[in-house]
Amino acid sequence: WIQKASGKKRKLKMGSRVFESDTIITGKGSYAQIRLTDGTMIKLVANTSLLLKKFLFDKENNEADSKMEVEGGLASIVAGGISKVAPEKFSVKTPTATIGIRGSSFSVQVKPEGTMVEGNGAFVQPTVGGITGPPIPLEGFSSTVSVFANGDVDVISPPIGLKAQVDKAEEEAEEESGDSDEEE
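Worth saying up front: this structure is predicted, and the values here are computed from it rather than measured.

Account for unusual backbone geometry, naming residues and giving values.
Trans is the prevailing form of peptide bonds, just as negative phi is the prevailing case for residues other than glycine. The residue after Ser-157, namely Pro-158, is reached through a cis peptide bond having omega 0°. Within the element layout of this structure, Pro-158 appears in the loop between strand S14 (153-156) and helix H2 (162-177). Backbone geometry at Ser-21 places phi at a positive 80°, although glycine is not the residue there. Of the residues examined, Ser-21 reaches a relative accessible area of 33% and is grouped as partly exposed. Despite not being glycine, Asn-62 has its phi angle at roughly 55°, a positive value. You can see Asn-62 is positioned in the loop between strand S6 (49-58) and strand S7 (63-78). For Asn-62, a relative accessible area of 57% corresponds to the exposed category.

Have a look at this one:
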């Protein structure tokens, strides 16, 4: 589903357009893949909610800004042109962390107990109870950073495999439907 800021919902289907302030919601047994105009690829597994809070990409004028919020579920994001034009303007917020990029990609899982992130060329900044902690860099999918609702932070190495979970969900969805659900 796509939920507009007004609360109105419409069904997400192949070729659906997604706009700033839209919330993409996947239900039980569903999967979505969204490609933004800068080439950023977002994969959402079942029971995931992502708000595309702000999106601007104007390569000619060197203007870019991307703000997203993962409110729950599991997502994988591969940064596109924004990562080259203005990586400092790319962020994904969760209830307990802000994820930024300095290049590549990451996977994020949001549960009631906190946020888990794995990635390459990304960083996690804990943000719990109005307090922002120092950024924790992620390189080479070599560890998982967990930021818990109580403010605790844990770094687990080797990683728990969030990206593999997203890839598996994508394969299962494609097997069920016979094709992919790539969206623009």
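Let's hear about the pairing of strand S3 (residues 22-25): which residues, and what values?
Taken together, the 2 bridges between strand S1 (residues 2-3) and S3 define a ladder with antiparallel strand orientation. Looking at the pairing, Ile-2 lines up with Ile-24 of S3. Examined bridge by bridge, S3 and S6 share 4 bridges and lie antiparallel to one another. Note that in S6 the partner of Asp-22 across the bridge is Leu-52.

Tell me about the pattern of salt bridges, residues and numbers included.
Scanning the model with the defined rule gives 7 salt bridges in all. A salt bridge links Lys-53 to Glu-69; the shortest N-O distance between them is 3.2 Å. Of the two residues, Lys-53 is situated in strand S6 and Glu-69 in strand S7; the sequence distance between them amounts to 16 residues. The exposure class assigned to Lys-53 is partly exposed, which follows from its relative accessible area of 46%.

Describe the nonpolar core, naming the residues involved and giving the relevant values.
By size, the foremost hydrophobic cluster in this structure holds 36 residues, and its most contacted members are Met-68 and Phe-106. If you tally residues by element for this core, the top one is strand S9 (residues 97-111), at 6 residues. With residues up to four places along the chain from it excluded, the contact list for Met-68 reads Leu-36, Ile-42, Leu-50, Leu-51, Leu-52, Lys-53, Ile-77, Phe-90, Ser-91, Val-92 and Lys-93. One finds Val-45, Leu-74, Met-116 and Val-166 within the second-largest nonpolar core, a separate group that totals 5 residues.

Please give an account of the side chain of Ser-107 that cites residues and values.
Looking at where Ser-107 falls in the secondary structure, it is placed in strand S9. Within the structure, Ser-107 has its side chain in polar contact with the side chain of Ser-76 (distance 3.4 Å). Those residues in contact with Ser-107 that sit more than four places away from it in its chain are Ala-75, Ser-76, Met-116, Val-117, Glu-118, Leu-162 and Lys-163.

About the cut-offs
- Residues numbered from 1 in each chain as written.
- Predicted model: local features only at pLDDT ≥ 70, side-chain atom pairs only at ≥ 80, totals over all residues.
- Heavy atoms only, no water.
- Helix = DSSP H or I, 4+ residues; strand = E, 2+ residues; numbered from the N terminus.
- Buried < 20%, exposed > 50% of the residue type's maximum accessible area, 1.4 Å probe, protein only.
- Pairing = 2+ DSSP bridges.
- Salt bridge = Lys/Arg side-chain N within 4 Å of Asp/Glu carboxyl O.
- Core = buried A, V, L, I, M, F, W, Y, C linked by side-chain atoms within 4.5 Å.
- Contact = heavy atoms within 4.5 Å.
- Polar contact = N/O pair within 3.5 Å; in protein donor to acceptor, adjacent residues only side chain to side chain.

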